[in-house]
Amino acid sequence: MSASSSRARPQLRRALGLRSAVALGVGGTIGGGIFVLVGHSAAQAGPAALLAFALAFLASLLIALPYAELACRYPEAGGGYAFVRQVLGPGWGFLMGWIFWGAYLLVSGYVTLGFGGYLQVLTGWPAQWGAMGLVALCALVNVADVRLSGLVQALVMSLAVAGLLAFSLLGMPAVDLARFTPLMPHGLAGLFSASLLAFLAFGGFDMVAAAGEEIERPERNLPLAILLTLAVVLFVYLMVVFVALGTLGWQALGASDAPLAAAARQFLGPAGGRALAGVAVLTTAATANAVLVVASRISFAMARDGLLPAALARVHPAAGVPRTAVLTSAAILMLVAWLNSLPLTTAIGGFLYVAHFIPPLIVLMKLRRAGGPAPAFQMPWPRLLLPLALGWSLLLLASSGWLGLAGGLGWMALGLALRRSTA
C-alpha cells in the first residue's frame, strides 16, 4: 500500500477515555445475563451457582488476558477481526469478522427483547415494540457523536450498577444462610453445567477491544479497561447472586422467569420488584447500545479493508462516526427484534460468540512463537494459559446444541458464499 493510500484510509477519532471504555465493557457485560442466567444457573447447580459464577469469571479471565495483549498490539476498530486479519490475512480475517459481526447481531435479540419484556412489566407496552424502539433510540444516539454515546453509556451504567448494588445491600440483612445447604444438590456435574451458563453472563469484555481505535492512550487504557470490566462485573455478580440465593432460595430462583425481581419482592415487597424491573430496563438498554457500537465498528473495519461494501467505511466528517455502518447494523438489530425468537437468536448467537474467541487465541500463539517487539501489556504464563483458554472455548462451543451448530455453520456458509460472489 502506498503512503498516499495509507493516508486516505478512513480513521476513527480517539475520543473515549478509560472511564468511557470501562463503561462500554461493563455496559456490554452487565445486561440480560445477570437478570436471567442467575435463575438458570441456580436450577442447574443449586446454591453452588455462586461458585459457578466464580468459575465463569476465571474462564473469562483466561480469554481476556490474550485479548488484552492483542488489543495493545493492534488498537484498531474491529477487535478480534483486526487481530486475525493482520496476522492470518484477509481470507481468515473476513471469516473472523463475519462470525464476530453475526454473533453480536444475533445475540442482540436476547438483549433487546429482554429490555422489551421488563419495559412491559412497567408500562404494559408490547415487548416486541419496546425492543424495536430501543434499537431506534440507540441508533440516534450513536449517529450523533461517539462521545455522546460514551457519556450516555457511562451515565446509564452508573445508575444500573448502583441499582444492583442497592439490591444487594438492602437484601443482605434478609439473607438466610440455611438456604445455602446443601451446597451442591446436583453434584459437580450441575456445578460445571451452571458454569457454562454463567460464562455467557460475562460476555462483553471484548467490546472494549472492538472499539480500540476510538480509545485514548490504547497501550494503557485498552488492557486496563478489559481487566477492570471483568473485576467490576465479578464484584457486582457475586453480591447479586449471593443475595438472590439467600433470600429466595435456589428452587424458587430457578423456577422464576424474572428471578431478581422475585427475590426483590421477598424483602422489598411489590415496589421492590418494580424497582428491579426498572434497573433491568437500564442495564439492557446500555447493553443494546454497546452491542450496536461493536457491531457497527466490525462492519466498518471490514469495509475499510475491502471485505464488505465500501459505503460501510464512510466516516461522517463532523461527528467522526461511521454513520452508514451504524444505521446498517441498527436495521439488522431491529429485524432480529422483530423476529421475536429468543431460542433461535441465543442458540445461534451463542455459538458464533464462542467461535469468535478461537482464532485470536491461535493468532497470539503464532505471534509468541515468532517473537518480535513486546507490546505494552503481555499476558503471564502463555504456555499454560493459552492452551487452557483454547480448551475452555472448545468446551463451550460443544455445549451450544444442534440449533446453535446448524445456525452458526449456516451463517458462516452464507458469508463464504457472499465472499466468493463479490471476489
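Look above for the structure.
Quick notes on the rules
- Note on numbering: residues in each chain are counted from 1, in written sequence order.
- At least 70 in pLDDT is required for a residue's local features to be given in this predicted model, at least 80 for side-chain atom pairs to be given and counted, and no such filter applies to totals for whole chains, interfaces and linings, which use all residues.
- Side-chain measures were taken over the full set of non-hydrogen atoms in the model, leaving aside hydrogen atoms and water.
- To qualify as a helix, a DSSP run of H or I must reach at least 4 residues; to qualify as a strand, a run of E must reach at least 2; elements of each kind are numbered from the N terminus.
- Here, expected helix span is obtained from the residue count minus one, scaled by 1.5 Å.
- The bend reported for a residue corresponds to the angle between axes fitted to the seven residues ending at that residue and the seven starting there.
- For each residue, the accessible area found with a 1.4 Å probe, counting protein chains only, is set against the maximum for its type, and the residue is called buried under 20%, exposed over 50%, and partly exposed in between.
- Stacked, edge-to-face and tilted labels apply to pairs of Phe, Tyr and Trp rings (six-membered ring for Trp) whose centres lie within 6.5 Å, assigned for plane angles under 30 degrees, over 60, and everything in between, in that order.
- Working rule: Lys NZ or Arg CZ, within 6 Å of ring centre, within 35 degrees of ring normal, means a charge sits over the ring.
- Any two residues whose heavy atoms approach within 4.5 Å are treated as being in contact.
- Note on geometry: axes are lines fitted to C-alpha atoms, helical ones only across the stretch in contact, with angles between N-to-C directions running from 0 to 180 degrees.
- The cut-offs work like this: below 35 degrees is roughly parallel, past 145 is roughly antiparallel, 65 to 115 is roughly perpendicular, and the gaps in between are oblique.
- Handedness of a crossing is defined here by the sense of rotation of the near helix relative to the far one, left-handed for an anticlockwise turn of less than a right angle and right-handed for a clockwise turn.
- Residues are sorted three ways: Asp, Glu, Lys and Arg are charged, Ala, Val, Leu, Ile, Met, Phe, Trp, Tyr, Cys and Pro are nonpolar, and all the rest, Gly among them, are polar.
- Throughout, nonpolar core names a set of buried Ala, Val, Leu, Ile, Met, Phe, Trp, Tyr and Cys residues whose side chains join them through atoms within 4.5 Å.
- Within 3.5 Å is the distance limit for a polar contact, defined as a pair of N or O atoms, with the added protein rule that one can donate a hydrogen and the other accept it, and that residues adjacent in sequence qualify only through two side-chain atoms.
- Distance thresholds for patches are 9 Å for like charges and 5 Å for nonpolar side chains (Val, Leu, Ile, Met, Phe, Trp, Tyr), applied to residues having over 30% relative accessible area and no salt bridge.
- Methods summary: accessible areas were calculated by the Shrake-Rupley approach with a probe of 1.4 Å, and residue burial reflects only the protein chains presented.
- Throughout this description, the term salt bridge denotes a Lys or Arg side-chain nitrogen within 4 Å of a carboxyl oxygen of Asp or Glu.

*Asks:* Just give me the short version of helix 6 (residues 90–123), but keep the residues and values in it.
*Replies:* Counted at 1.5 Å a residue, the expected span for helix 6 with its 34 residues is 50 Å, and the 48 Å between its end C-alpha atoms agrees. At Ser108, helix 6 is deflected by roughly 25 degrees, the largest bend along its length. In terms of residue burial, helix 6 counts as a mostly covered element, since 24 of its 34 residues are buried. Two residues or fewer after helix 6 comes Gly124, characterised by a positive phi angle close to 85 degrees.

*Asks:* Talk me through the packing of aromatic side chains; I want residue IDs and the actual numbers.
*Replies:* Evaluated as defined, the whole model comprises 13 aromatic pairs. For the ring pair Phe53 and Tyr237, a centre distance of 5.7 Å and an interplane angle of 85 degrees mean the geometry is edge-to-face. Here Phe53 is found in helix 4 (residues 49–73), whereas its partner Tyr237 is found in helix 11 (residues 218–248), with 184 residues between them in sequence. For the pair shown, Phe53 and Tyr237 are each scored as buried. The interplanar angle of 55 degrees and the centroid separation of 6.3 Å between the aromatic rings of Phe57 and Phe202 together place this pair among those described as tilted. Of the two residues, Phe57 sits in helix 4 while Phe202 sits in the loop between helix 9 (187–201) and helix 10 (206–210), which places them 145 residues apart along the sequence. The buried category is assigned to Phe57, whose relative accessible area is 16%. By relative accessible area, Phe202 is classed as buried at 0%. Taken together, the ring pairs connect Tyr67, Phe100, Tyr104, Tyr353 and Phe357 into an aromatic cluster. Positioned above the aromatic ring of Phe94, the side-chain terminus of Arg419 is 5.5 Å from the ring centre.

*Asks:* Please set out helix 16 (residues 358–370) residue by residue, giving values where relevant.
*Replies:* Quick reminder: α-helices carry 3.6 residues per turn. Residues three or four places apart thus point the same way. For helix 16, spanning 13 residues, the distance from its first C-alpha to its last is 19 Å, which sits close to the expected 18 Å at 1.5 Å a residue. Every buried residue of helix 16 is accounted for by Ile358, Pro359, Pro360, Leu361, Val363, Leu364, Met365 and Leu367. On its buried face, helix 16 sits against helix 4, helix 5 (80–88), helix 6, helix 15 (342–355) and helix 17 (382–398). Within two residues after helix 16, Gly371 carries a phi angle of roughly 75 degrees, on the positive side.

*Asks:* Can you lay out the packing of helix 6 against helix 13 (residues 259–304) for me, pointing to particular residues and giving the numbers?
*Replies:* Interhelical geometry of helix 6 versus helix 13 gives an angle of 160 degrees and a closest axis separation of 8 Å. Between helix 6 and helix 13, the angle is such that the two are roughly antiparallel. Crossing handedness for the pair helix 6 and helix 13: left-handed. Looking at side-chain class alone, the contact of helix 6 with helix 13 contains 22 nonpolar, eight polar and one charged residues.

*Asks:* Tell me about the nonpolar core, residues and numbers included.
*Replies:* Among the nonpolar cores identified, the biggest contains 129 residues, and Ile30, Ile34, Phe35, Phe167, Phe202 and Leu260 are the most heavily contacted of them. Here this core takes 22 residues from helix 13, the largest share from any one element. Grouped together as the second largest cluster of nonpolar side chains are five residues, Ala45, Ala48, Ala52 and Ala194 included.

*Asks:* How would you sum up the side chain of Ser168? Please name residues and give values.
*Replies:* Along the polypeptide, Ser168 turns up in helix 8 (residues 146–171). At a separation of 3.5 Å, a polar atom in the side chain of Ser168 contacts the main-chain amide nitrogen of Val240. Those residues in contact with Ser168 that sit more than four places away from it in its chain are Met239, Val240 and Val243.

*Asks:* Got a sec to walk through a nonpolar patch on the surface? Specific residues and values, please.
*Replies:* Among the surface-exposed residues, Leu51, Leu183, Met184, Leu188 and Phe192 lie close enough to one another that they form a single nonpolar patch of about 440 Å² accessible area. Looking at where Leu51 falls in the secondary structure, it is placed in helix 4. Since its relative accessible area comes to 38%, Leu51 is described here as partly exposed.

*Asks:* Which residues make up unusual backbone geometry, and what values do they have?
*Replies:* A cis geometry characterises the amide bond from Thr181 onward to Pro182, with omega recorded as -5 degrees. Inspection of the secondary structure puts Pro182 in the loop between helix 8 and helix 9. For Trp381, which is not glycine, the phi torsion reads 45 degrees and is therefore positive. Of the residues examined, Trp381 reaches a relative accessible area of 63% and is grouped as exposed.

*Asks:* So what about the pattern of salt bridges? Which residues, and what values?
*Replies:* Taken as a whole and assessed by the stated rule, the structure comprises two salt bridges. Close ionic contact of Arg368 with Glu69 constitutes a salt bridge, the shortest N to O distance being 2.8 Å. Taken together, the residues span a long stretch of sequence, with Arg368 in helix 16 and Glu69 in helix 4 at a distance of 299 residues. Asp305 is paired through a salt bridge with Arg85; the nearest N and O atoms lie 3.5 Å apart. Here Asp305 is found in the loop between helix 13 and helix 14 (323–339), whereas its partner Arg85 is found in helix 5, with 220 residues between them in sequence.

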